[in-house]
Amino acid sequence: MKLNKALKLTLGALIAIPFSLIVGNEILANNLTENFKYELSSDNLIACGGGGGGSSPAAKKAKKAKQAKAKLSFKKRQLSKKAAAGEDTSNLAAEIAELEALIAE
């Protein structure tokens, strides 16, 4: 009985070890190539600036002007509400003057 069990274990090991090496190496090889491809593509993205295109200085200036116009209209609405309520509007007036100067540039 012990001999039968030992024979089964030996036979199973003789079949399982080479099979696992073949299958295991194939899985490992596939995984390594995928990792290499991923690292290569991420290196290319980093070298190109992260994969996103940058805005030109004129586009950045136009975006700032557009944001300043939106802030200006919001601040003017706040100013009119505070003036109607009789609250202090000197801070808002200063902010509005700064925004108008920014837009005028």
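Residues numbered from 1 in each chain as written. Predicted model: local features only at pLDDT ≥ 70, side-chain atom pairs only at ≥ 80, totals over all residues. Heavy atoms only, no water.

Colleague: I'd like to hear about the overall build of the chain, residue by residue, with values.
Modeller: Looking only at helices and strands, the chain has three helices and zero strands in total. Helices and strands in the chain line up, N terminus first, as α-α-α. Buried residues in the chain amount to 5% of all 105 residues. By element, 64% of the accessible surface of the chain is carried by carbon and sulfur atoms, the whole surface being about 9,000 Å². (Helix = DSSP H or I, 4+ residues; strand = E, 2+ residues; numbered from the N terminus. Buried < 20%, exposed > 50% of the residue type's maximum accessible area, 1.4 Å probe, protein only. Areas by Shrake-Rupley, 256 points an atom, 1.4 Å probe, with all protein chains shown as cover.)

Colleague: I'd like a description of helix α2 (residues 57–85), backed by residues and values.
Modeller: Taking 1.5 Å as the rise per residue, α2 with 29 residues should run 42 Å; its terminal C-alpha atoms sit 42 Å apart, in good agreement. At the exit of α2 stands G86, carrying a positive phi of roughly 80°. (Expected span 1.5 Å × (residues − 1).)

Colleague: How would you explain the packing of α2 against helix α3 (residues 90–104) if you had to name every residue and give the values?
Modeller: Their axes nearest at 9 Å, the elements α2 and α3 cross at an angle of 155°. As the angle between them shows, α2 and α3 are arranged roughly antiparallel. The handedness of the crossing between α2 and α3 comes out as left-handed. Judged by residue contacts, A65, A68, K69, K71, L72, K75, K76, Q78, L79 and K82 of α2 engage L92, A93, E95, I96, L99, E100, L102 and I103 from α3. Looking at the contact of α2 with α3 residue by residue, the classes come out as ten nonpolar, one polar and seven charged. (Axes fitted to C-alpha atoms, helices over the stretch in contact; angles between N-to-C directions. Parallel < 35°, antiparallel > 145°, perpendicular 65-115°, else oblique. Left-handed = near helix turned anticlockwise from the far one by under 90°. Contact = heavy atoms within 4.5 Å. Nonpolar A, V, L, I, M, F, W, Y, C, P; charged D, E, K, R; others polar.)

Colleague: With reference to specific residues and values, describe the pattern of salt bridges.
Modeller: For the structure on display, the rule yields two salt bridges. Close ionic contact of K75 with E95 constitutes a salt bridge, the shortest N to O distance being 2.7 Å. In this pair, K75 sits in helix α2 while E95 sits in helix α3, placing the two residues 20 residues apart along the sequence. The exposure class assigned to E95 is partly exposed, which follows from its relative accessible area of 32%. When the shortest N-O distance is used, the salt bridge between K76 and E100 registers 3.8 Å. With K76 in helix α2 and E100 in helix α3, the pair connects residues that are 24 residues apart, well separated along the chain. K76 sits in the partly exposed class, given a relative accessible area of 41%. Judged by relative accessible area, E100 falls into the partly exposed class, the value being 38%. (Salt bridge = Lys/Arg side-chain N within 4 Å of Asp/Glu carboxyl O.)

Function-wise, these values are silent; they only describe arrangement.
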